[in-house]
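# Coordinate inspection notes
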Amino acid sequence: MIDVSHQINAVRRTVGSRVIEAGEAHVVTVSQTYDTTVEDLWEACTDPERILRWFLPVTGELRPGGTYQLEGNAGGTVERCDPPKGFTATWEFGGNVSWIELRLTPVADGGTRFELDHIAPDDDEKWQQFGPGAVGVGWDMALIGLTLHLSSGAAVDPQEAMAWFGTEDGLRFVRLSSEGWYAAAVAGGEAEEVARGRADRTTAAYTGAEPEPS
């Protein structure tokens, strides 16, 4: 489906914090540069027909104040929209509310950098259990779809994609992604032993493997 090592290395992962209205928050940032224009990448990230080709079916009104729903996944409200530079929206799933902020920036060689922040309150239960991999691995998986779509123009078959994540290559991708978020957590100031436990639980949740004893 994709060159696992190349895709893992193409993505930059960082973990930080910021103060939001609700208080302290964790910030998980995933970014990748694509060989396309800002306008094309904006369309791929905001046009329902294009989103369907690499991510999930989406319904609603993709405008400031409008609501959206990804099929079988998160929904929320679009809080800010600045085409083709980016947008901010709530990310509401499983009774929890977090936020996503997308930024699209031209780079010197004519490509465009995709940069997405996923912002979760400090007391988020999934963060306490899984750390940044709770959302980071999922975004890594989504970027495979975006990468394939932008490189070929074709649509990614969701069933084929999910089947691939159960293959040897797919499981290796998940493990490497989880390790990448472990490294980002440590670089962001997390204690190694805490980050290690959270990363192991993340890997186990995505692969079905038992986590290593702590």
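Preceding this section is the structure that the text describes.
How each quantity is defined
- Residues numbered from 1 in each chain as written.
- Predicted model: local features only at pLDDT ≥ 70, side-chain atom pairs only at ≥ 80, totals over all residues.
- Heavy atoms only, no water.
- Pairing = 2+ DSSP bridges.
- Helix = DSSP H or I, 4+ residues; strand = E, 2+ residues; numbered from the N terminus.
- Phe/Tyr/Trp six-rings, centres within 6.5 Å; stacked < 30°, edge-to-face > 60°.
- Buried < 20%, exposed > 50% of the residue type's maximum accessible area, 1.4 Å probe, protein only.
- Axes fitted to C-alpha atoms, helices over the stretch in contact; angles between N-to-C directions.
- Parallel < 35°, antiparallel > 145°, perpendicular 65-115°, else oblique.
- Left-handed = near helix turned anticlockwise from the far one by under 90°.
- Contact = heavy atoms within 4.5 Å.
- Nonpolar A, V, L, I, M, F, W, Y, C, P; charged D, E, K, R; others polar.
- Core = buried A, V, L, I, M, F, W, Y, C linked by side-chain atoms within 4.5 Å.
- Disulfide = S-S within 2.5 Å.
- Polar contact = N/O pair within 3.5 Å; in protein donor to acceptor, adjacent residues only side chain to side chain.

## Overview of the pairing of strand β5 (residues 75-82)
The pairing of strand β4 (residues 67-70) with β5 spans 3 bridges and is classified as antiparallel. Bridge pairing in β5 links Gln69 to Gly75. The loop that links β4 with its antiparallel partner β5 comprises 4 residues; one of these, Gly72, has a positive phi angle of about 70°. Pairing geometry for β5 and strand β6 (residues 86-93), over 5 bridges, is antiparallel. Residue pairing across strands places Gly75 opposite Glu92, the latter belonging to β6. Between the end of β5 and the start of β6, which pair antiparallel, lie 3 residues.

## What about the packing of aromatic side chains?
Taken as a whole and assessed by the stated rule, the structure comprises 7 aromatic pairs. Taking the centre distance of 6.2 Å and the plane angle of 70° together, the rings of Trp42 and Phe87 count as edge-to-face. Highlighted residues: Trp42 in helix α2 (residues 38-46) and Phe87 in strand β6, separated in sequence by 45 residues. The same class applies to Trp42 and to Phe87, which are both buried.

## Some thoughts on the packing of helix α7 (residues 168-187) against helix α8 (residues 192-207)
Following both chains from N to C, one finds α7 and α8 inclined at 160°, their axes separated by 9 Å at the closest point. Considering their axes alone, α7 and α8 lie roughly antiparallel with respect to each other. In this structure, α7 crosses over α8, and the sense of that crossing is right-handed. Residues Leu171, Val174, Arg175, Ser178, Glu179, Tyr182, Ala185 and Val186 of α7 touch α8, and the partners they reach there are Glu192, Ala195, Arg196, Ala199, Thr202, Thr203, Tyr206 and Thr207. Looking at side-chain class alone, the contact of α7 with α8 contains 8 nonpolar, 4 polar and 4 charged residues.

## Section: the nonpolar core
In this structure, Phe114, Leu146 and Phe173 are the most contacted members of the largest nonpolar core, which totals 45 residues. Looking at which element gives the most residues to this core, the answer is helix α5 (residues 133-152), with 8 residues. Aside from chain neighbours lying at most four places away, what touches Leu146 is Tyr34, Leu41, Ala44, Trp54 and Phe114. Residues Ile20, Val27, Trp99 and Ile119 belong to the second largest nonpolar core, which totals 5 residues.

## With respect to the state of the cysteines
Every disulfide links exactly two cysteines, by a covalent bond between their sulfur atoms. Within this structure, the stated rule accounts for 0 disulfides. Looking at the unpaired Cys45, the closest cysteine sulfur is the one in Cys81, lying at 12 Å. Classification of Cys45 by relative accessible area gives buried; the value is 9%. For Cys81, a relative accessible area of 29% corresponds to the partly exposed category.

## A closer look at the side chain of His118
Structurally, His118 is set in strand β8 (residues 112-121). Here Ser98 takes part through its side chain, which lies 2.8 Å from a polar atom of the side chain of His118. At a separation of 3.0 Å, a polar atom in the side chain of His118 contacts the side chain of Trp139. Look past the residues within four positions of His118 in its chain and what remains in contact with it is His26, Val27, Val28, Trp91, Ser98, Trp99, Ile100, Val135 and Trp139.

## Overview of unusual backbone geometry
The amide bond that connects Pro83 to the next residue, Pro84, takes the cis arrangement and shows omega of -5°. Examined against the element boundaries, Pro84 turns out to sit in the loop between β5 and β6.

No statement about biological role is implied by the geometric values presented.
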